[in-house]
Amino acid sequence: MKIQKIIPVKQSLNIRQIKNTEDCCSAGSLPTTACCTPGTTTTEKAPCCGPATEITGGVISDKVPGFIKWLDTPAGRVPQISTKLTVQDHFGACKARWAIGRMSYIVPPGLYAIGTPFADSPVLVTANYKMSYDLVRQEMAGRNLWLLVLETFGVNVWCAAGKSSFGTDELVSRINRTDLHNVVNHRQLILPILGAPGVSAHQTAKRTGFTVKYGTIRASDLPEYLDNGMHTTSSMREITFNTYERAILVPVEIVLTMKSIATFGFIIFIAAYLANSSTDALMAFLAYLGAVLTGVAVVPCLLPWIPGRSFAIKGMLAGLAWSSCLFYLGGGSSWNITTTTAALLALPAISAFYAMNFTGCTTYTSRSGVKKEMRLGIPAIGSALAAAFILLIIGRFT
Amino acid sequence: MKNLRYLKDVATLKLDQSICIGCGRCVEVCPHQVFTVESKKALFNDFQACMECGACAKNCPVDAITVDAGVGCASGMINEWLRERKLPGGGGCC
């Protein structure tokens, strides 16, 4: 989402940003409240509740990341920011990847200066997720330009565009609030291509006089784009999802799954302990943990190499592989037939569920596709789990 | 994105060529090269690659494109279904 070198893709959509309904329905929340009023249709189809909490970027001060000094402009002072990231910046990004402080990894919205921009310098637009801000300024070393940061509540460009917080209204209001018309003498903005799902270029032009140029997908392509006369090459507008881009998403997914791992893992452990022994309980827990991690981590990393287009199928196949490993390494020959069958049903089902959940993080899955595979997948997963449970009960009492 | 393809024939993307003015915005904003413009009309270059992000529809100045865009994650959709049926647990974000 976003002009970013590394793509946290749709991951923020996948975040439990909203702790409960009250958060999104409370007074003062943004007008993306489709979730709060079931049955209403909005033209801006909000994917969920929009920003969960009231976390905003605040107001620009000399505390903004990379602050050097104030520059005077016809519209007041603007902070000049560094293009060099500090150790703290890198550490912060690393923590955010592990979901630590990620929901408040944010910079104030508004106008920033990189180098010493003039009235005819280009204006780049980005989100106020600090990782987006950092990636853009880092790539702009040695250049003079303006950076217009929108209030996206600490969400990256693409996810924010999906929620329309990186959207036409915010762009228009930010242009007006920063008095951009008086800072620059041209009427052109460069937006990240992944901001396009939220921004209507022609509406923006109509409402502000500023024309929108969609530059590149990745911040790392921006220098070349600016150097070649703002021409977007075909590779600059082609989204990727390579192994690194997939692997970088795994930590946050694992952290977000911790709660369910702890809950269900505990239930499974206790149930197996009461039914059999502590050894069995540990085995059952490990089997479950492995199945979850297969879906959450192994499938994303090995995505192109696992057969099938459907994530549920990919997850099921990977889960079968995990079940086989467990069978051969975990002394499966001593299992009885009901336990073996139950494991072969339940473990792939668990992996399939978590693999399917990863659709929210990819750069290529469609809503209709996810709907289709869920319509088939959820009942199948549910039946497999129910059958496994019944088999285990039968096994216990025969 | 040649090595990763999602389910076929599911995208809700529609293009009304009779309205299209061939401005090329859809080509500019699509991250999956779904469109191309020939003889001043947009046409599908790779329909199956559409991920329904909605960028093309949002930026088409004559509304020649429609697509049911929205969140595509499983948990988000489960929440959506729960909400539609007014069941508990549907308030959470995806």
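Residues numbered from 1 in each chain as written. Chains lettered and ligands numbered in written order. Predicted model: local features only at pLDDT ≥ 70, side-chain atom pairs only at ≥ 80, totals over all residues.

### A closer look at the overall build of chain A
Our working definition: Secondary structure elements follow DSSP: runs of H or I no shorter than four residues count as helices, runs of E no shorter than two count as strands, and numbering proceeds from the N terminus. In this scheme every C-beta is placed from the backbone, and a residue whose C-beta has 20 or more other C-beta atoms within 10 Å is buried, one with 12 or fewer is exposed, and one in between is partly exposed. Each residue is represented by a C-beta atom placed from its backbone, and any two residues with such atoms within 7 Å are regarded as in contact.
When helices and strands are tallied, chain A shows 14 helices and 7 strands. Buried positions account for 48% of the 398 residues belonging to chain A. A separation threshold of at least 6 residues defines the contact pool for chain A, and within that pool the share at least 24 residues apart is 71%.

### Observations concerning the pairing of strand 1 (residues 67–73) of chain A
Looking along a regular strand, one sees side chains alternate from face to face of the sheet. Residue and element names in this part refer to chain A. Selection criterion: Following DSSP output, two strands are said to pair if at least two bridges run between them.
By the bridge criterion, 6 bridges tie strand 1 to strand 2 (residues 76–81) in an arrangement that is antiparallel. Of the residues in strand 2, the one forming a bridge with Thr-73 is Gly-76. Adjacent in sequence and paired antiparallel, strand 1 and strand 2 are bridged by 2 residues.

### With respect to the packing of helix 11 (residues 278–302) of chain A against helix 13 (residues 337–357) of chain A
All names here are of chain A. Selection criterion: Note on method: axes are straight lines fitted to C-alpha atoms, helices fitted across the in-contact stretch only, with angles between N-to-C directions ranging 0 to 180 degrees. The crossing is said to be left-handed when, going from far helix to near helix, the turn is anticlockwise and less than a right angle, and right-handed when the turn is clockwise. Each residue is assigned to one class: nonpolar for Ala, Val, Leu, Ile, Met, Phe, Trp, Tyr, Cys and Pro, charged for Asp, Glu, Lys and Arg, and polar for all the others, Gly among them.
Running from amino to carboxyl end, helix 11 crosses helix 13 at an angle of 35 degrees, the nearest separation of the two axes being 8 Å. Where helix 11 crosses over helix 13, the two elements pack in a sense that is right-handed. Across the interface between the two elements, Ala-287, Tyr-288, Ala-291, Val-292, Thr-294, Gly-295, Val-296 and Val-299 of helix 11 pack against Ala-343, Leu-347, Ile-350, Ser-351, Ala-352, Phe-353, Tyr-354 and Ala-355 of helix 13. Partitioning the contact of helix 11 with helix 13 into residue classes produces 13 nonpolar, 3 polar and no charged.

### Side note on the environment of Gly265(A)
All names here are of chain A. Here Gly-265 is to be found in helix 10 (residues 250–275). Using a count of 17 C-beta atoms within 10 Å as the deciding quantity, one classes Gly-265 as partly exposed. Along the primary structure Gly-265 and Leu-286 are separated by 21 residues, whereas in three dimensions their C-alpha atoms are 8.6 Å apart.

### Regarding helix 3 (residues 74–84) of chain B
Those residues of helix 3 of chain B that sit buried are Ala74(B), Ser75(B), Gly76(B), Met77(B), Asn79(B), Glu80(B) and Arg83(B). Among the residues trailing helix 3 of chain B, Lys86(B) stands out with phi positive, at a value near 55 degrees.

### Here we look at the confidence of the model for chain B
Residue and element names in this part refer to chain B. Rule in force here: The predictor attaches a confidence to each residue, called pLDDT, with possible values from 0 through 100.
For chain B, per-residue confidence averages 88 on the pLDDT scale, and 89% of positions sit at 70 or higher. Taken together, the stretch residues 90–94 has pLDDT below 50 and engages in 26 contacts with residues farther than four places along the chain or on a different chain. In the predicted assembly, ipTM is 0.89 and pTM is 0.83.

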